[in-house]
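Each chain, letter by letter, is given below.
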Amino acid sequence: MNNFWKNKKVFLTGHTGFKGAWLAFILNSFGAKVTGYSLKPPTSPNLFELIELDKKISSITGDVRNLENLKIAFEKFQPEIVFHLAAQPIVLEGYKNPVETYSTNVMGTVNILECVRKSTSVKSFVNVTTDKVYRNNEWCYGYREIDEINGNDPYSNSKSCSELVTQCYTRSFFSDREISISTVRAGNVIGGGDFAEFRIIPDCVRAALSGQSIKVRNPNSIRPYQHVLEPLFVYLMIAEKQFGNKNFSGSYNVGPSDNDNVTTGELAEIFCKSWGENLKWESQSLNQPKEANFLKLDCAKLKSVFDWTPIWNIQTAIEKTVEWYKIFRDKKNLVECMSRQINERFQNISRGGGQVTIALGS
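Bear in mind that the values here come from a model prediction, so they are computed numbers and not experimental data.

**Things to note about the packing of helix 6 (residues 98-117) against helix 7 (residues 154-174)**
Next, step 1: Between helix 6 and helix 7, whose axes approach to 9 Å, the crossing angle comes to 20 degrees. Overall, the two elements helix 6 and helix 7 adopt an arrangement that is roughly parallel. Regarding helix 6 and helix 7, the two cross each other, and that crossing is right-handed. Contact residues: helix 6 offers Pro98, Thr101, Tyr102, Asn105, Val106, Thr109, Val110, Leu113, Glu114, Val116 and Arg117, while helix 7 offers Pro154, Tyr155, Asn157, Ser158, Lys159, Cys161, Ser162, Val165, Thr166, Tyr169, Phe173 and Phe174.
Next, step 2: For the contact of helix 6 with helix 7, the residue count by class is 13 nonpolar, seven polar and three charged.

And the structure:
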């Protein structure tokens, strides 16, 4: 896989966020020429600054809602591959600021697709959305790519709109062009470097570092939790496979194996055991804005098309997450930790790609 990316020109929106910073780090390690376009990091501390990504890639501070500035950056770089991750990504923030959530997640998608539409260099585009794009009927089985797109809350619905915008642009402008367009609907992502509010792992870490018990808002809600490296590998795989073959383009779910769909309470319990130090959790489920109780993805399409399978189960995902945050706490080498985890995750892959080797500290 990493040989493909050497010297590829990659434009990445949202590179200062949690997933975006991990993706930029991997692409840079693979030898890609990366230009990131994003607002300033959304939290302090943040992964982008902790691993000094601004020294590794070309970083542009900009808002995807500003089409003219986005076009200037895009046209100057002339990318071959585009990953769109810029978003307002928090469900509860969507309730607090719905207008900003819709303008970022919908018009941001329109604007990046406009840049792709007018480009002569782009061959592959991947729009990263979420498992929450589906109309949630609290079914006991996983949602498929053919199920109805209609998220219930402002965040989920805005990402549903992003999916619909991408489908419309694909039909209207790219059907007769050699540009492959895909959307990827990822389950709940965990891993080192996330410091956002209203997310379970950052909440766990903040409690652990302060010596308090973890407050869990919706302990009985079932979610498709997965380590951040699982969907990132899928984004890279799809972008590569569709680069020269439009038959690989489309919409894909990416989530954990069925037995790794756990409740938030179970996730907190595994985290406490992995962290140690007598860490505990407790329920704080009263007077919370409505979120789905049961959410699960059917990833059969991804497995069928790409012969893909998830590698790290929920136990390993949490162990790797705890490892990162303890290294952060102890002020040790985060870049070395991330490089090692990437190598561990990708070594001896028999499905969907080859072995990856990243030099520690790269």
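**Regarding the side chain of Asp153**
Next, step 1: Note that Asp153 resides in the loop between strand 5 (124-128) and helix 7.
Next, step 2: No salt bridge is formed by the buried Asp153. Its closest oppositely charged neighbour is Lys132, at 7.8 Å.
Next, step 3: Here the side chain of Asp153 touches Tyr155 through a polar contact of 3.1 Å, landing on its backbone nitrogen.
Next, step 4: In this structure the side chain of Asp153 is engaged in a polar contact, spanning 2.6 Å, whose partner is the side chain of Ser156.
Next, step 5: Apart from the residues within four sequence positions on either side, Asp153 is in contact with Val91 and Tyr95.

**Looking at the packing of aromatic side chains**
Next, step 1: For the coordinates displayed, the defined rule picks out 18 aromatic pairs.
Next, step 2: For the pair Phe248 and Phe306, a centre-to-centre distance of 5.4 Å together with 25 degrees between the ring planes defines the contact as stacked. On the criterion of sequence distance, the pair formed by Phe248 in the loop between helix 9 (229-243) and strand 11 (251-254) and Phe306 in helix 11 (residues 300-306) is long-range, its members being 58 residues apart.
Next, step 3: Aromatic side chains Phe271 and Trp275 sit 5.7 Å apart centroid to centroid with 20 degrees between the ring planes, which places their arrangement in the stacked category. Within this pair, Phe271 and its partner Trp275 are both found in helix 10 (residues 264-275), separated by four residues, close to a single helical turn. Comparing Phe271 with Trp275, the two get one shared label, buried.

**Describing the sheet that holds strand 1 (residues 9-13)**
Next, step 1: Reading across the sheet, the seven strands line up as 3-2-1-4-5-6-11 and stay open at both edges, with parallel pairing between neighbours. Each having just a single partner strand, strand 3 (58-61) and strand 11 make up the two edges of the open sheet. Here the average twist between neighbouring strands, direction ignored, is 20 degrees.
Next, step 2: Bridge analysis of strand 2 (residues 33-38) against strand 3 gives four bridges, and the strand direction is parallel. In the sheet register, Thr35 faces strand 3, and the bridge partner there is Ser58.
Next, step 3: Sheet contacts for helix 6: strand 1, strand 4 (81-84) and strand 5; angle to strand 4, the most-contacted strand, approximately 175 degrees.

**A short note on the pattern of salt bridges**
Next, step 1: Evaluated as defined, the whole model comprises 22 salt bridges.
Next, step 2: Residue Glu148 pairs with Arg135 through a salt bridge whose shortest N-O separation is 3.6 Å. Here Arg135 lies in the loop between strand 5 and helix 7 and Glu148 lies in the loop between strand 5 and helix 7, a separation of 13 residues in the sequence.
Next, step 3: Among the salt bridges present, the one from Asp147 reaches Arg144, with a minimum N-O distance of 3.2 Å.
Next, step 4: According to the relative accessible area criterion, Asp147 is buried, its value standing at 11%.
Next, step 5: Three or more residues are tied together by salt bridges with common partners; here these are Glu277, Lys326, Arg329 and Asp330.

**Quick look at the confidence of the model for the protein**
Next, step 1: Chain-level pLDDT for the protein is 93 on average; 93% of the residues reach the 70-or-more range.
Next, step 2: Every residue in residues 350-355 scores below 50 in pLDDT, and together they form 17 contacts with partners more than four places removed in sequence or on other chains.

**Side note on unusual backbone geometry**
Glycine aside, residues mostly have negative phi, and peptide bonds are mostly found in the trans state.
Next, step 1: Between Ser44 and Pro45 the backbone carries a cis peptide bond, its omega angle lying at 5 degrees.
Next, step 2: Here Pro45 lies in the loop between strand 2 and helix 3 (47-50).
Next, step 3: At Asn278, a residue that is not glycine, the phi angle is positive and equals roughly 60 degrees.
Next, step 4: Among the structural elements, Asn278 can be located in the loop between helix 10 and strand 13 (281-283).

**Here's the deal with helix 8 (residues 200-210)**
Next, step 1: Most of helix 8 is tucked away, with eight of its 11 residues classed as buried.
Next, step 2: Among all positions in helix 8, only Ile200, Ile201, Pro202, Asp203, Cys204, Val205, Ala207 and Ala208 are buried.
Next, step 3: Along its buried surface, helix 8 packs onto strand 7 (189-190), strand 8 (214-216), helix 10 and helix 12 (314-329).
Next, step 4: Note on helix 8: the residue one or two positions beyond its end, Gly211, has a positive phi of about 75 degrees.

Cut-off values and rules
Residues numbered from 1 in each chain as written. Predicted model: local features only at pLDDT ≥ 70, side-chain atom pairs only at ≥ 80, totals over all residues. Heavy atoms only, no water. Axes fitted to C-alpha atoms, helices over the stretch in contact; angles between N-to-C directions. Helix = DSSP H or I, 4+ residues; strand = E, 2+ residues; numbered from the N terminus. Parallel < 35°, antiparallel > 145°, perpendicular 65-115°, else oblique. Left-handed = near helix turned anticlockwise from the far one by under 90°. Contact = heavy atoms within 4.5 Å. Nonpolar A, V, L, I, M, F, W, Y, C, P; charged D, E, K, R; others polar. Buried < 20%, exposed > 50% of the residue type's maximum accessible area, 1.4 Å probe, protein only. Lys, Arg positive; Asp, Glu negative; His and termini not counted. Salt bridge = Lys/Arg side-chain N within 4 Å of Asp/Glu carboxyl O. Polar contact = N/O pair within 3.5 Å; in protein donor to acceptor, adjacent residues only side chain to side chain. Phe/Tyr/Trp six-rings, centres within 6.5 Å; stacked < 30°, edge-to-face > 60°. Pairing = 2+ DSSP bridges. pLDDT = per-residue confidence, 0-100.

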